[in-house]
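Next come the chains, spelled out residue by residue.
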Amino acid sequence: MNLSAFPRVCLTRTPTPLEFLPNLTRHLGGPNLYIKRDDTVGVALGGNKSRKLEFLLGEALAQGATHIVTQGATQSNHVSQTIAAANRVGLPSTVLLEERVSNAHSDYYQNGNVLLDQILGATIETRPGGIDMNQELVSVGERLRAAGERPYLIPGGGSNAVGALGYVVSANEIVAQANAQQLRIDHVVHATGSTGTQAGLVVGMEGSNSHIPVLGISVRAAREQQEENVRKLARQTWELLRLRGDFPDAAVQVDADYVGGGYGIPTDGMLEAVQMLARLEGILLDPVYTGKAFAGLLDLIRQRRWKAGENIVFVHTGGVAGLFAYRSVLAPTPAFARKI
Ligand SMILES: *Cc1c(COP(=O)(O)O)cnc(C)c1O
């Protein structure tokens with residue numbers, strides 16, 4: 001697999017740690033739990049988008065782009081990391097925020113990633129929920145081109161074949177760490193949304209003949225839809241890497257039982273997961289992605305999906321800024337009574 005053939009900028013400090021979770025493993029009495037700390041990777045507050053952006057911005061610079069454009073939900077981690085990454089390579093950015101979650105607390109519209117976006121200093125435009133955001137992206141690109149810019153458009157979540165290469169790298173990293181630690185990994189579990197993370201992980205595991213199974217826990221789409229979306233991108237990524245034969249479709253496995261009321265809508269399982277990992281291991285999950293995925297992992301362990309002695313790796317994809325947007329849910333009773 002020749003990843004060095006693709007233009008890439010350096011935005012990450014890798015490898016990220018692969019750590020054992022001793023207290024949680026003891027508490028649950030099931031399989032051994034490990035965590036891949038991709039929340040510590042990259043620009044701004046870090047997370048999985050930084051890995052994708054190394055290849056996306058590499059391509060942007062190779063094409064002579066003068067302006068970065070992307071889109072995401074109001075509290076998009078992808079958007080804040082894209083602005084930070086564009087700043088690092090010296091390019092201005094325009095971002096479109098979709099109001100995908102309605103009637104949320106004011107923190108949702110003003111704090112968390114929205115605060116970061118403003119500090120980082122992009123041009124921010126908003127759009128109502130439910131419209132075709134990738135079409136909006138194209139329109140903004142045309143507007144910038146008419147003004148003499150050379151815009152580089154990054155799809156939602158940075159999820160195209162170029163972005164997914166960042167997670168092929170992460171899969172290779174996990175395999176190398178497992179070999180070095182003499183750790184037999186039985187399953188990798190992570191949150192899946194715009195599909196680039198899972199597509200890259202699965203292509204990495206299959207393309208290197210490691211065949212470590214990957215389970216994506218959906219935060220938005222139903223199972224069949226999400227599996228089809230991931231497979232489509234995985235096939236494109238497989239082709240981009242010129243891997244031999246056909247991508248093995250069956251390697252894409254999604255569980256969509258933990259979405260709850262919808263994307264970005266809190267669930268009791270998410271609250272339990274965020275508190276449990278914080279209180280037993282001192283690690284912060286996020287309310288939109290990793291909290292729901294970890295809730296799924298906890299539930300599957302309680303259902304005895306894995307035996308004691310098996311080794312499960314949860315990929316922590318970041319998103320910690322989202323905690324500050326969900327204060328009213330995570331801490332409904334403020335610690336100080338003082339009026340602010
Ligand atoms: C975007 C994101 C994901 C999902 O990754 P995709 O590549 O979009 O499927 C998971 N966790 C966090 C924190 C994210 O921001």
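Just so it is clear, the structure is predicted and the values come from calculations on it, not from any experiment.

**Student:** Describe the pairing of strand β2 (residues 32-36), naming the residues involved and giving the relevant values.
**Tutor:** The buried fraction of β2 is high, at four of five residues. As defined by bridge partners, strand β1 (residues 18-20) adjoins β2 across three bridges and the pair is classed as antiparallel. Paired with Glu19 across the bridge in β2 is Ile35. With five bridges joining them, β2 and strand β10 (residues 311-315) adopt parallel strand pairing. Bridging from a neighbouring strand, Ile35 pairs with Phe314 of β10.

**Student:** Just give me the short version of helix α2 (residues 49-62), but keep the residues and values in it.
**Tutor:** The first and last C-alpha atoms of α2 sit 20 Å apart over 14 residues, in line with the 20 Å expected at 1.5 Å per residue. Counting buried positions along α2 gives 11 out of 14 residues, so the element sits mostly inside the fold. Among the structural elements, β2, β3 (67-73), α3 (77-88), β6 (151-154), α7 (161-180) and α8 (196-207) are those in contact with the buried residues of α2. Just downstream of α2, Gly64 is the residue with a positive phi angle, here 75 degrees.

**Student:** Describe the UniProt feature "modified residue: N6-(pyridoxal phosphate)lysine" (unreviewed entry) in the protein, and please don't skip the residues or the numbers.
**Tutor:** Under the present numbering, the feature "modified residue: N6-(pyridoxal phosphate)lysine" (unreviewed entry) in UniProt falls on Lys49. When its relative accessible area of 7% is taken as the criterion, Lys49 is described as buried. Setting aside residues up to four positions removed in sequence, Lys49 forms contacts with Asn77, His78, Gln81 and Gly157.

**Student:** Now, about the sheet that holds strand β5 (residues 123-128): what can you tell me, with residues and values included?
**Tutor:** Judged by pairing direction, the sheet is parallel, and its four strands sit side by side in the order β5-β4-β3-β6 without closing on themselves. Of all strands in the sheet, those bounded by a partner on one side alone are β5 and β6. Pairs of neighbouring strands in the sheet enclose a mean axial angle of 20 degrees, with direction left out of account. Bridge count between β3 and β6: four bridges; the pairing is parallel. Residue pairing across strands places His67 opposite Pro151, the latter belonging to β6. The sheet strands contacting α2 are β3 and β6, and the helix crosses β6 at an angle near 155 degrees.

**Student:** Tell me about the site of the ligand, residues and numbers included.
**Tutor:** Near the ligand there are 17 residues, and of these Lys49, Lys52, Ser194, Thr197 and Thr317 occur at the shortest range. The side chain of Lys52 places a nitrogen or oxygen atom 2.6 Å from an oxygen atom of the ligand. Within the contact set of the ligand, an oxygen atom lies 2.5 Å away from a side-chain nitrogen or oxygen of Ser194. Calculation on the ligand without its partners gives an accessible area of 380 Å², and the protein chains cover 98% of this total. The cavity where the ligand resides is the largest pocket. Listing elements by their share of the shell around the ligand, those giving two or more residues are α2, β7 (187-192) and α8.

**Student:** Give me the packing of aromatic side chains: which residues, what numbers.
**Tutor:** All told, the structure shown has six aromatic pairs when counted by the stated rule. Geometrically, the ring pair formed by Phe20 and Tyr34 is tilted, given 5.1 Å between the ring centres and 45 degrees between the ring planes. Of the two residues, Phe20 sits in strand β1 while Tyr34 sits in strand β2, which places them 14 residues apart along the sequence. Judged by its relative accessible area of 14%, Tyr34 is buried. Measuring from centroid to centroid gives 5.9 Å for Tyr263 and Tyr289, while their planes differ by 75 degrees, and the two rings are edge-to-face.

Procedures and definitions
Residues numbered from 1 in each chain as written. Predicted model: local features only at pLDDT ≥ 70, side-chain atom pairs only at ≥ 80, totals over all residues. Heavy atoms only, no water. Buried < 20%, exposed > 50% of the residue type's maximum accessible area, 1.4 Å probe, protein only. Helix = DSSP H or I, 4+ residues; strand = E, 2+ residues; numbered from the N terminus. Pairing = 2+ DSSP bridges. Expected span 1.5 Å × (residues − 1). Contact = heavy atoms within 4.5 Å. UniProt positions renumbered as here; feature names shortened; annotations may be inferred. Axes fitted to C-alpha atoms, helices over the stretch in contact; angles between N-to-C directions. Near = heavy atom within 4 Å. Polar contact = N/O pair within 3.5 Å; in protein donor to acceptor, adjacent residues only side chain to side chain. Areas by Shrake-Rupley, 256 points an atom, 1.4 Å probe, with all protein chains shown as cover. 1 Å grid on protein atoms, 1.4 Å probe; cavity = no way out; pocket = protein on both sides within 12 Å on 5 of 7 lines; lining within 4 Å. Sits in = over half its atoms within 2 Å of the grid points. Phe/Tyr/Trp six-rings, centres within 6.5 Å; stacked < 30°, edge-to-face > 60°.

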